[in-house]
Amino acid sequence: MSILNIINSRRTIKNFKADPVEMEQISKWLQAAAMAPNHKMTEPWEVYVVGPETREKLNHKTNFFNAPVVLAILSKHGATEIETEENLIATACFVQNFNLAAWEEGVGTFWSSMGGAARNREILGVPEGYDVVGVFGVGYPEEINQPKERTPIQEKIKHLS
């Protein structure tokens, strides 16, 4: 599948099969994700594999749609406010690389922002100096939703003189 097909077909998954996803596959996708651009090679991302006890404590309202794997992805703060912001952006690129690499092999994700709440940071054991970019359900889709309509990109392009 071409990269454009992967990007255009990727969906947020809200119904996962129970089929397991091997950690070897996930590690391969995470290694590809680490090729994300990151200013001054800060490589600010950290990945937590969320086990069953921690997942239960998180008590997500949908239980991550029963995804067989849950990951928390963190971004390390930088030495300055600008570096912290750059690290967050780099980690978002890391996440997108991961999502696309997994999607190419038929595995989808569900991205939850719940990890930023103080209670959930504590449950996850997030150290000071890190932001939680997201908590992700990862698994094989039971169903794939139709794409939502997007604003034509021409309406988002501004030409400057």
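Because the structure is a prediction, the values reported are computed rather than measured. (Residues numbered from 1 in each chain as written. Predicted model: local features only at pLDDT ≥ 70, side-chain atom pairs only at ≥ 80, totals over all residues. Heavy atoms only, no water.)

1. Observations concerning a positive patch on the surface
Judged by side-chain charge, Lys14, Lys61, Lys148 and Arg150 come together as a positively charged surface patch. Locating Lys14 in the fold gives a position in the loop between helix H1 (3–9) and helix H2 (23–33). (Patch = residues over 30% accessible without salt bridge, like charges linked within 9 Å, V, L, I, M, F, W, Y side chains within 5 Å. Areas by Shrake-Rupley, 256 points an atom, 1.4 Å probe, with all protein chains shown as cover. Salt bridge = Lys/Arg side-chain N within 4 Å of Asp/Glu carboxyl O. Lys, Arg positive; Asp, Glu negative; His and termini not counted. Charge placed at Lys NZ, Arg CZ, Asp CG, Glu CD. Helix = DSSP H or I, 4+ residues; strand = E, 2+ residues; numbered from the N terminus.)

2. Observations concerning the nonpolar core
Membership of the largest hydrophobic core comes to 21 residues, with the highest contact counts inside it found for Ile26, Trp29, Phe94, Phe98 and Val138. Residue assignment for this core shows that the elements contributing at least two residues are H2, strand E2 (69–76), helix H4 (81–104) and strand E4 (130–139). If you tally residues by element for this core, the top one is H4, at six residues. Ignoring sequence-local partners within four residues, the contact set of Val138 consists of Phe16, Val21, Ala67, Pro68, Val69, Leu71, Phe98, Val107, Gly108 and Thr109. (Core = buried A, V, L, I, M, F, W, Y, C linked by side-chain atoms within 4.5 Å. Buried < 20%, exposed > 50% of the residue type's maximum accessible area, 1.4 Å probe, protein only. Contact = heavy atoms within 4.5 Å.)

3. Thoughts on the side chain of Arg121
As for its placement among the helices and strands, Arg121 is situated in helix H5 (residues 118–124). Of the side chains with opposite charge, Asp131 lies nearest to the buried Arg121, which makes no salt bridge, at 4.8 Å. The contacts of Arg121, once residues within four sequence positions are left out, are Gly115, Gly116, Val126, Pro127, Tyr130, Asp131 and Val132.

4. A short note on the sheet that holds strand E3 (residues 108–112)
Picture the strands of a sheet paired through backbone hydrogen bonds; they go either parallel or antiparallel. Spatially, E1-E2-E4-E3 is the arrangement adopted by the four strands of the open sheet, whose pairing is antiparallel. Every other strand in the sheet has two partners, leaving strand E1 (45–50) and E3 as the edge strands with one partner each. Each neighbouring strand pair of the sheet contributes to a mean axis angle of 25 degrees, computed without reference to strand direction. With eight bridges connecting them, E2 and E4 associate as antiparallel partners. Within E4, the residue paired with Leu71 across the bridge is Phe136. Strands in contact with H4 are E1, E2, E3 and E4; relative to E2, the strand with the most contacts, it is inclined by about 155 degrees. (Pairing = 2+ DSSP bridges. Axes fitted to C-alpha atoms, helices over the stretch in contact; angles between N-to-C directions.)

5. Let's talk about the environment of Glu142
Note on placement: Glu142 falls in the segment after E4. Taking the C-alpha atoms as reference, Glu142 lies 10 Å from Ala67; in sequence the two are 75 residues apart. Those residues within four positions of Glu142 in sequence are excluded, and the remaining contacts are Asn15, Phe16 and Lys17.

6. A word on the packing of H2 against H4
With their axes 8 Å apart at the nearest point, H2 and H4 run at an angle of 135 degrees to one another. One way to sum up the angle between H2 and H4 is to call them oblique. In the packing of H2 onto H4, the handedness of the crossing is right-handed. Contacts from Ile26, Trp29, Leu30, Ala32 and Ala33 in H2 reach Phe94, Asn97, Phe98, Ala101 and Ala102 in H4. In terms of residue class, the contact of H2 with H4 is built from nine nonpolar, one polar and no charged. (Parallel < 35°, antiparallel > 145°, perpendicular 65-115°, else oblique. Left-handed = near helix turned anticlockwise from the far one by under 90°. Nonpolar A, V, L, I, M, F, W, Y, C, P; charged D, E, K, R; others polar.)

7. What about H4?
Over its 24 residues, H4 runs 35 Å from end to end, which matches the ideal 34 Å to within 8%, given 1.5 Å per residue. By the burial criterion, the buried members of H4 are Thr84, Asn87, Ala90, Thr91, Phe94, Val95, Phe98, Asn99, Leu100, Ala101, Ala102 and Trp103. Against the buried residues of H4 lie H1, H2, E1, E2, E3 and E4. At the C-terminal side of H4, Gly106 shows a positive phi close to 85 degrees. (Expected span 1.5 Å × (residues − 1).)

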